[in-house]
Amino acid sequence: MTKTLLVTSALPYANGDIHLGHLVEHVQTDIFVRFQKHLGHACYYMCADDAHGTAIMLSAEKDGVTPDAYIDAVKAQHISDFKQFNIDYDHYYSTHSEENRVLSESIYNAANDDGGIIKKDIQQYFDEDKGLFLADRYIKGTCPKCGATDQYGDACEVCYATYSATELVDPVSALSGKPPVLKESTHYFFDLEKYREHITQWLATDPVSDPVKNKLNEWLTGDLKPWDISRDAPYFGFKIPGTDDKYFYVWLDAPIGYIATTESWATANGKTCHAFWKNDAVEIHHFIGKDIMYFHTLFWPAMLAVSGFNQPKKVHIHGFLTVNGEKMSKSRGTFILARDYAKLLNPDILRYYYAAKLSSSMDDIDFNLEDFVQRINSDVLGKFINIGSRIGAIVTKKLDGQLSTIDAEGLALLDDILAMSDAISDAYQSLDTHKGMRMIMQCAELANKYIDDKAPWALVKDNADAARVVCTVALNALRILCIYLAPVMPGVTQQLFSFLGVSSQHWAQLPQHITNATLAPYEHVLKRLTLDDVAPLVNTTQ
RNA sequence: CGCGGGGUGGAGCAGUGGUAGCUUGUCGGGCUCAUAACCCGAAGGUCGCAGGUUCGAGUCCUGCCCCCGCUACCA
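Residues numbered from 1 in each chain as written. Chains lettered and ligands numbered in written order. Predicted model: local features only at pLDDT ≥ 70, side-chain atom pairs only at ≥ 80, totals over all residues. Heavy atoms only, no water.

**Considering the overall build of chain A**
Part 1 of the argument: When you go through chain A residue by residue, the secondary structure sums to 19 helices and 17 strands.
Part 2 of the argument: Taken over the C-alpha atoms alone, chain A extends approximately 90 × 55 × 45 Å along its principal axes.
Part 3 of the argument: Looking at chain A as a whole, 54% of its 542 residues qualify as buried.
Part 4 of the argument: Here the analysis covers contacts within chain A between residues at least 6 apart in sequence; of these, 76% occur between residues at least 24 apart.
Part 5 of the argument: Of the roughly 22900 Å² of accessible surface on chain A, 48% is carried by carbon and sulfur atoms.
Part 6 of the argument: Each charge class in chain A can be summarised by its mean position, and for the 49 positive and 69 negative side chains these summaries are 3 Å apart. (Helix = DSSP H or I, 4+ residues; strand = E, 2+ residues; numbered from the N terminus. Buried < 20%, exposed > 50% of the residue type's maximum accessible area, 1.4 Å probe, protein only. Contact = heavy atoms within 4.5 Å. Areas by Shrake-Rupley, 256 points an atom, 1.4 Å probe, with all protein chains shown as cover. Lys, Arg positive; Asp, Glu negative; His and termini not counted. Charge placed at Lys NZ, Arg CZ, Asp CG, Glu CD.)

**Observations regarding the packing of aromatic side chains**
Part 1 of the argument: Under the definition given, this model contains 30 aromatic pairs.
Part 2 of the argument: Aromatic pair F85 and Y341: ring centres 5.6 Å apart, planes at 40°, arrangement tilted. Separated by 256 residues along the polypeptide, F85 in the loop between α3 (67–84) and β3 (91–94) and Y341 in helix α10 (residues 338–344) bring together distant segments of the chain.
Part 3 of the argument: F85 gets classed as buried once you look at its relative accessible area, which sits at 0%.
Part 4 of the argument: Residue class for Y341 comes out buried when judged on its relative accessible area of 0%.
Part 5 of the argument: Ring centres of Y294 and F295 lie 6.4 Å apart, and the angle between their planes is 80°; this geometry places the pair in the edge-to-face category. (Phe/Tyr/Trp six-rings, centres within 6.5 Å; stacked < 30°, edge-to-face > 60°.)

**Quick notes on the sheet that holds strand β6 (residues 139–142)**
Part 1 of the argument: The three strands lie next to each other as β7-β6-β8, forming an open sheet whose pairing is antiparallel. Whereas interior strands pair on both sides, the edge strands pair on one side only; in this sheet they are β7 (151–152) and β8 (169–173).
Part 2 of the argument: By the bridge criterion, three bridges tie β6 to β8 in an arrangement that is antiparallel. Among the inter-strand pairings, K140 is bridged to a residue of β8, identified as V172. (Pairing = 2+ DSSP bridges.)

**Focus on the sheet that holds strand β2 (residues 42–49)**
Part 1 of the argument: The strand order β3-β2-β1-β13-β14 describes an open sheet built from five strands, whose pairing is parallel. Of all strands in the sheet, those with a lone pairing partner are β3 and β14 (314–318), marking the two edges. Strand-to-strand twist in this sheet, taken as the mean axis angle between neighbours without regard to direction, amounts to 20°.
Part 2 of the argument: Note that strand β13 (residues 282–289) and β14 share five bridges and pair parallel. Within β14, the residue paired with F287 across the bridge is H316.
Part 3 of the argument: Together, β2 and β3 form the strand contacts of α3, whose direction differs from that of β3 by roughly 160°.
Part 4 of the argument: Packing against the sheet, helix α9 (residues 293–306) makes contact with β13 and β14, and its axis sits at approximately 145° to β13. (Axes fitted to C-alpha atoms, helices over the stretch in contact; angles between N-to-C directions.)

**Structural notes on the domain arrangement of chain A**
Part 1 of the argument: What the domain assignment reports for chain A is domain 1 (4–114 + 195–220 + 251–344) and domain 2 (376–524).
Part 2 of the argument: Distance from the C-alpha centre of domain 1 to the C-alpha centre of domain 2: 37 Å.
Part 3 of the argument: When residues of domain 1 are sorted by the area they lose upon contact with domain 2, I31, F35 and H38 head the list and together hold 56% of the total.
Part 4 of the argument: Here domain 1 is connected to domain 2 by zero salt bridges.
Part 5 of the argument: Inspection of the region where domain 1 meets domain 2 yields one residue pair in polar contact (both at pLDDT 80 or more). (Domains from an automatic or database assignment. Buried area = accessible area lost by both parts, 1.4 Å probe. Salt bridge = Lys/Arg side-chain N within 4 Å of Asp/Glu carboxyl O. Polar contact = N/O pair within 3.5 Å; in protein donor to acceptor, adjacent residues only side chain to side chain.)

Rendered as C-alpha cells:
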C-alpha cells in the first residue's frame with residue numbers, strides 16, 4: 001500500500017555555515033526519504049533556513065547589511081552546500097516568509113483564543129548603549145556559586161551551577177562591555193501545563209524511542225513551566241498580533257516553518273498545506289538533534305494540537321558528530337565545513353560512512369579520519385565497486401561488452417542476495433542503517449566469493465560462453481547491490497546503473513535481472529583513499 | 001551525592017542470562033580479473049574495577065573508577 005509522508009530536517013540557523021554535523025542529520029533524513037521514494041511511497045522532504053532572532057540581527061549589523069539581505073545570502077550558500085551532498089529537498093524555504101507570518105499568527109491566535117497565552121511582567125537586563133534586552137548568552141559575569149569569572153548568564157562552565165542572569169556578580173553586557181541595567185517588560189508565555197494532556201496523549205501514540213520517552217517522563221513528572229515566547233523590539237522576527245513592540249521568539253516560529261515551507265511548496269503545486277498537516281492519512285516525520293528535543297516533543301505537539309494541525313507520527317532524534325573522538329572545534333581545526341569537504345572528496349562516500357555508523361539511537365557518532373579511509377576503501381571500493389571493476393574489465397576487454405544469461409548456480413547466488421532485501425529494508429525503515437550497510441556488504445562478499453570460485457579470468461581463455469554467464473551473474477549481483485545502496489550513494493550508484501545500461505532502478509525492480517545486454521566500457525567511479533587525501537580536512541597547524 | 005549516555009581483542013563497532021562476534025589492522029598462504037584488490041587460514045579480548053544474584057553474567061543487582069553530553073564556535 002502506498003503511503004504519503006512529509007519529512008523534515010531541523011531548520012539550520014541562518015547565522016553560520018553548514019558543517020559536517022548538520023550533514024549527519026540531513027544525510028540521515030535524505031537516505032530515509034530516498035528509501036521511501038524507492039519503495040514507491042509519496043514522500044515529501046521539507047526544510048528551510050531558520051532566519052529570525054537577535055543573533056542574526058546583530059550579525060547583519062556587523063556586516064553592515066539589512067537582516068533580509070543577510071539571510072538571503074546565507075540561504076543561498078546553505079542550499080548550495082546541501083546540494084553538493086545530494087540532499088534532495090522537495091522544497092527549501094525560509095522562516096522569514098509571508099506564509100510563515102500568517103501561520104505563526106494564526107497558531108498564536110488559536111492558542112490565545114484557547115486561553116493558552118499568559119502575560120507576565122519580568123525583570124531583564126538591558127543594554128542601554130545598544131538599546132537591547134539581553135539574552136543570557138549576551139551577559140557575562142562572575143559565577144555566584146564558585147566565583148569563576150567570565151561566565152555566561154545561565155550557567156557556569158567551571159562548577160556547572162545553573163542560575164539566572166540576575167544572580168551573576170558584576171554582570172556586563174557582552175555586546176557593549178558595560179554593566180547592564182535591570183528593566184521591566186511584559187512578556188507573553190505559552191501555558192505549557194495547560195496542554196499536558198495533549199502531550200501525554202501524543203506520547204502514547206509512540207512517536208519517540210523508549211530512551212527519549214524516559215527522558216520526557218522526567219520532565220513531565222514536574223511542573224511544565226510557561227514558555228516565554230515574546231521578545232522586545234528591536235528584534236528580527238514577526239510582530240505578535242495586537243502588540244506594537246513585541247515579537248515572536250525565534251523558537252516559536254521556527255517549527256511553524258515546517259508548515260510554511262509545505263504551504264509554499266503546495267501552493268506552487270496547486271495544493272495547500274492542509275492536505276498534509278490536517279490530513280490523518282499523511283505521516284509527518286521530523287529528524288532532529290538531541291539538543292532540540294525539548295522544543296519538538298513538548299511545545300511543538302502542544303502548539304499543533306491547539307491549532308488543529310496534526311501531530312508528528314515520529315520524531316527521530318540523533319546524536320552529535322565528533323571528529324577524531326572529540327567535539328568539533330574551530331581551535332583544534334576539526335570544525336569541518338561542508339563546502340571544504342566537498343572541495344576535497346566525493347560526498348557520496350561521506351554519506352556511506354555516516355550510514356555505516358548511524359542507528360536509531362541518540363548515540364554520538366565519530367568521524368575518525370583513519371577509520372574513514374579504511375572503511376571506504378574496504379567496503380565501498382574493495383567489496384562493492386570492485387565487483388564492477390574486476391568483471392567490467394573482463395567483459396570490456398575479453399567479451400566485447402556482451403552479456404548472456406544466468407544459470408542455475410548463478411540464480412542461487414542472486415536469490416541469496418535478494419533474500420536479504422526484507423532485512424535491509426527493515427534496517428532502512430528503522431534508521432538502523434549501520435545494520436543495513438553491514439548486510440549489504442555481506443552480499444558483496446558473497447558476490448566476490450562467487451567470482452573467485454568461478455575464476456572467469458581463467459574460464460574466458462577456453463570457454464568464453466561459460467565466462468560470459470559468470471559475468472552476467474556477477475553484474476546482476478552488482479545491480480542488486482546498487483539498488484540496495486542507491487538511497488545512500490545516489491551519485492555513485494547512478495554511474496554504475498549507466499554502466500549496466502539501465503536507468504535508475506527501484507526496489508520493485510530487484511528481481512528483474514538483466515541478460516543479453518551490451519555494455520559500455522567500464523570506467524572507474526571512485527578513487528581509493530589515502531590518509532594524505534583526507535588529512536587536509538583538519539587543520540592541525542593550529 | 002545535579003541529570004543523562006557510555007567503557008567489549010591495536011582501531012571502529014555488534015551482542016541484555018547459556019561455549020565471546022563483525023569489519024578493519026597484523027601475520028602466513030592462495031589467486032592474479034580488478035583501484036596493492038579479491039579468496040583461504042592464524043594470532044590477538046580475565047567484555048573498566050570490586051563485590052553480589054544465578055546451575056550459569058559482557059548481559060541482572062550494589063559500590064567504585066574513567067570518558068562524553070547537558071554549557072561553548074552547535075545539530
